[in-house]
Amino acid sequence: MTRPVDKLLLWSVLGLCSLGLVMVYSASAVFADQRFGDPIHFLVPQAISLLLGLCVMVACIEIGAQRLREFAPLVLLLAVALLALIFAPGIGHAAGGATRWVRLGPVSFQPSEFAKPAVVL
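Per-chain numbering applies: the sequence of each chain, read as written, is numbered from 1 onward. Note on the predicted model: pLDDT of at least 70 is required for a residue's local features to be given, and 80 or more for side-chain atom pairs to be given and counted; whole-chain, interface and lining totals, by contrast, use all residues. In computing side-chain properties, one takes all heavy atoms of the structure into account and sets aside hydrogens as well as water.

(A) Broad picture of the overall build of the protein chain. A count of helices and strands for the protein chain gives 5 helices and 3 strands. Secondary structure elements follow DSSP: runs of H or I no shorter than four residues count as helices, runs of E no shorter than two count as strands, and numbering proceeds from the N terminus. Across the protein chain, helices and strands are ordered from the amino to the carboxyl terminus as α-α-α-α-β-β-β-α. Dimensions of the protein chain, computed from C-alpha atoms along their principal axes, come out at roughly 50 × 45 × 20 Å. Among the 121 residues that make up the protein chain, the fraction classed as buried is 13%. Partitioning the contacts of the protein chain with sequence separation of at least 6, the portion at a separation of at least 24 is 41%. Carbon and sulfur atoms form 71% of the exposed surface of the protein chain, whose accessible area is close to 8900 Å². As used throughout, the charge tally considers Lys and Arg to be positive and Asp and Glu to be negative, leaving His and the chain termini uncounted. One atom stands in for each charge, and that atom is NZ of Lys, CZ of Arg, CG of Asp or CD of Glu. Once the 8 positive and 6 negative side-chain charges of the protein chain are each reduced to a mean point, those two points are 8 Å apart. Categorising residues by exposure relies on relative accessible area from a 1.4 Å probe, with only protein chains included: less than 20% of the type maximum marks a residue as buried, more than 50% marks it as exposed, and the intermediate range marks it as partly exposed. In this description, contact between two residues means that some pair of their heavy atoms is separated by no more than 4.5 Å. With residues, only the protein chains shown are counted as cover, and all accessible areas are computed by Shrake-Rupley using a 1.4 Å probe.

Now the structure itself:
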């Protein structure tokens, strides 16, 4: 079942995402070409992250806000657990003088980014 979507909000999100991709490319193409021999070295991971984010957005639209609210306590508990992981030796990763990243194998992420939508729910 397709849910009604605020078209202005959807086009605003898509426009900002597109603008973000253009900005990443324009800010990094010369450096990436000189350093890695590939002007889209930084654009590709950004585009992949964007596509994953858009997939999550579509999934959330299809699930609906009421259904998502049912999972709010579980999601918030998971967010707090992820935030606590930054203190675990070997998992928490420091960058720029602050330990804010969790590194699990080749993937690293900031648990605070997961905690933001958890708090909103």
